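Overview (structure and organization)
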Amino acid sequence: MLASVAVIGVFGALLGVPAGYALHHVVMPVMGRAVGTGLPSLVLDVYGPFQLLLLGLGGVVIAMPGALIPAGWAARARTATALRTE
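Here the structure is a predicted model, which is why all the values come from computation and not from measurement.

**A look at the overall build of the protein chain**
- Looking only at helices and strands, the protein chain has four helices and zero strands in total.
- When the helices and strands of the protein chain are placed in sequence order, the string is α-α-α-α.
- The C-alpha radius of gyration of the protein chain comes to 20 Å, more than 25% above the 12 Å expected for a compact globule of 86 residues.
- Taken along the three principal axes of its C-alpha coordinates, the protein chain extends 65 × 25 × 15 Å.
- With 86 residues in all, the protein chain has 16% of them scored as buried.
- Partitioning the contacts of the protein chain with sequence separation of at least 6, the portion at a separation of at least 24 is 60%.
- Approximately 6,400 Å² of the protein chain is accessible, and the part contributed by carbon and sulfur atoms is 75%.

See below:
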């Protein structure tokens, strides 16, 4: 159970972190232009490689506690009961 959730968390991080990074670079200049100001690169370049790696790992870390409740239920359930609910 935990391994399957970890895989989903890794895929989510691989998709979500680059998408969020790209969206940040699209939305922030539009917001700056909307208020009539240009944004310096200091405002746009807020995430370094280390922070992006931590954001990706955070997705996996958040996914794991979400799997603990179903994993605990599966560990306590009788095999026939667990198979019947699938």
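Having seen the model, we can carry on.
**Concerning the environment of A63**
- Within the fold, A63 resides in helix α3 (residues 49-76).
- Sequence separation between A63 and G12 is 51 residues; the distance between their C-alpha atoms is 9.6 Å.
- If sequence neighbours within four positions are ignored, A63 has contacts with V5 and G9.

**Some remarks on the confidence of the model for the protein chain**
- With 95% of its residues at a pLDDT of 70 or more, the protein chain has an overall mean of 82.
- Mean pLDDT across the secondary structure elements of the protein chain bottoms out at helix α4 (residues 79-85), with 71, and peaks at helix α1 (residues 2-34), with 86.

**Observations concerning α1**
- If you check α1, its first and last C-alpha atoms are 45 Å apart, about what 33 residues at 1.5 Å a residue would give, namely 48 Å.
- Along α1, the residues that are buried comprise V5, A6, G9, A13, V17, H24 and G32.

**What about the side chain of H24?**
- Looking at the secondary structure, you find H24 in helix α1.
- A relative accessible area of 17% means that H24 is categorised as buried.
- Discounting chain neighbours no more than four positions away, the residues touching H24 are P29, V43, L44 and V46.

**Comments concerning the packing of α1 against α3**
- The contact between α1 and α3 brings their axes to 8 Å, and the two run at 145°. The handedness of the crossing between α1 and α3 comes out as right-handed. Here α1 contributes L2, V5, A6, G9, V10, A13, V17 and Y21 to the contact with α3, which in turn contributes L52, L55, G56, G59, V60, A63, M64, A67 and L68.
- A breakdown of the residues in the contact of α1 with α3 according to their chemical character gives 14 nonpolar, three polar and no charged.

**Here's the deal with a nonpolar patch on the surface**
- Side chains of L23, V26, V27, V30 and M31 sit close together on the surface and give an oily, nonpolar patch of about 440 Å² of accessible area.
- Along the chain, the position of V30 falls in helix α1.
- Under the relative-accessibility criterion, V30 is labelled partly exposed at 44%.

Thresholds, definitions, all that
Residues numbered from 1 in each chain as written. Predicted model: local features only at pLDDT ≥ 70, side-chain atom pairs only at ≥ 80, totals over all residues. Heavy atoms only, no water. Helix = DSSP H or I, 4+ residues; strand = E, 2+ residues; numbered from the N terminus. Rg over C-alpha atoms; globule rule 2.2 N^0.38 Å. Buried < 20%, exposed > 50% of the residue type's maximum accessible area, 1.4 Å probe, protein only. Contact = heavy atoms within 4.5 Å. Areas by Shrake-Rupley, 256 points an atom, 1.4 Å probe, with all protein chains shown as cover. pLDDT = per-residue confidence, 0-100. Expected span 1.5 Å × (residues − 1). Axes fitted to C-alpha atoms, helices over the stretch in contact; angles between N-to-C directions. Left-handed = near helix turned anticlockwise from the far one by under 90°. Nonpolar A, V, L, I, M, F, W, Y, C, P; charged D, E, K, R; others polar. Patch = residues over 30% accessible without salt bridge, like charges linked within 9 Å, V, L, I, M, F, W, Y side chains within 5 Å. Salt bridge = Lys/Arg side-chain N within 4 Å of Asp/Glu carboxyl O.

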